[in-house]
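Results of the structural survey
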Amino acid sequence: MVADLSNLVRLTKAQVRPAAEMMARAFQDYPLMAYFFPDATERMEKSANDFQSLIHYGLLYGEVYATSPNLEGAAVWLPSTKAHRTLLRRIRSGGLSGLFEMRRKTNEKQRSFIDYVVSIHKRCAPSVYSYLQLIGVDPVHQGKGHSSILLRAMFARLDKEHMPSFLETHADKNVAIYRHHGFRVVEESEAPGSGLTTWAMLRDSQG
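None of these values were measured; they are calculated from a predicted model. (Residues numbered from 1 in each chain as written. Predicted model: local features only at pLDDT ≥ 70, side-chain atom pairs only at ≥ 80, totals over all residues. Heavy atoms only, no water.)

1. Some details on the nonpolar core
Ranked by internal contacts, the top residues of the largest apolar core, which has 42 residues, are Phe51, Ile55 and Phe166. Of all the secondary structure elements, the ones that give two or more residues to this core are α1 (16-26), α2 (31-36), α3 (40-61), β2 (63-66), β3 (73-79), α5 (104-124), β4 (130-137) and β7 (197-203). Counting 20 residues, the second-largest nonpolar core is a separate cluster that includes Ala75, Trp77, Leu158 and Leu167. (Core = buried A, V, L, I, M, F, W, Y, C linked by side-chain atoms within 4.5 Å. Buried < 20%, exposed > 50% of the residue type's maximum accessible area, 1.4 Å probe, protein only. Helix = DSSP H or I, 4+ residues; strand = E, 2+ residues; numbered from the N terminus.)

Shown next, in the form of structure tokens:
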């Protein structure tokens, strides 16, 4: 199958919650989620609320694609002008509704981390780029090439547009995966007070 966005499913508002729950399963053991929600017994439910906001944000300001209506995997892409989730944009995407339900310490962690990510983009990203804000595959479907399908379909378009892409990951094992898809590490740093290593990665246009 030729890599093309037409082979993917563009998410609708009705699919946001199921996709968020899929992401919560995919990221259950992800270092950033464990940092935000240390209690593993409540992490999935709380992270699903976070992912719901991120996916809804993607619908409003970018593009969200899934491998099929069964939501084996999904990816959220944003233009660089919308990469920063400002307070107003978070309100519009429903990102504040969950804040009142979270513990104060979690809110502080997330606010601090958002500021940290913004600083990474300012230091490391080009002036114009496509931001891979989120990509995940349901654990029961991992290892079957779904992430590659999601990435290559978008790269086919970005390369035609001569557009670089940017991401950050907080899991060492992901670095090699993204390198395989043409990304390179442009910065390795630690979010202040988190103990988390963040790899900022850039993929130059192949067009």
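2. Quick look at the packing of aromatic side chains
One pass over the structure, following the stated rule, counts 11 aromatic pairs. Here the aromatic rings of tyrosine 57 and tyrosine 61 are separated by 4.7 Å at their centres, their planes lie at 45 degrees, and the arrangement is tilted. Of this pair, tyrosine 57 and tyrosine 61 are both found in helix α3, four residues apart, which corresponds to roughly one turn of the helix. Accessibility expressed as a relative area gives 0% for tyrosine 57, which makes it buried. A relative accessible area of 14% places tyrosine 61 in the buried class. An aromatic cluster of at least three residues, connected via ring pairs, comprises Tyr35, Phe36, Phe37, Phe113 and Tyr116. Over the ring of tyrosine 35 we find lysine 109; its NZ or CZ atom is 4.6 Å from the centre of that ring. (Phe/Tyr/Trp six-rings, centres within 6.5 Å; stacked < 30°, edge-to-face > 60°. Lys NZ or Arg CZ within 6 Å of the ring centre and 35° of its normal.)

3. Digging into the packing of α1 against α3
Relative orientation of the contacting elements α1 and α3 amounts to 130 degrees, with a least axis distance of 8 Å. Taken together, the axes of α1 and α3 lie oblique to each other. Here α1 and α3 pass one another in a crossing that is right-handed. Together, Val16, Arg17, Ala19, Ala20, Glu21, Met23, Ala24 and Arg25 of α1 and Met44, Glu45, Ser47, Ala48, Asn49, Phe51, Gln52, Ile55, His56 and Leu59 of α3 make up the contact between the two elements. When grouped by side-chain class, the residues that make up the contact of α1 with α3 number 10 nonpolar, four polar and four charged. (Axes fitted to C-alpha atoms, helices over the stretch in contact; angles between N-to-C directions. Parallel < 35°, antiparallel > 145°, perpendicular 65-115°, else oblique. Left-handed = near helix turned anticlockwise from the far one by under 90°. Contact = heavy atoms within 4.5 Å. Nonpolar A, V, L, I, M, F, W, Y, C, P; charged D, E, K, R; others polar.)

4. Observations regarding the environment of asparagine 7
You can see asparagine 7 is positioned in the segment before β1 (9-10). Accessibility expressed as a relative area gives 34% for asparagine 7, which makes it partly exposed. Counting along the chain gives 58 residues from asparagine 7 to tyrosine 65, while the straight-line C-alpha distance between them is 9.9 Å.

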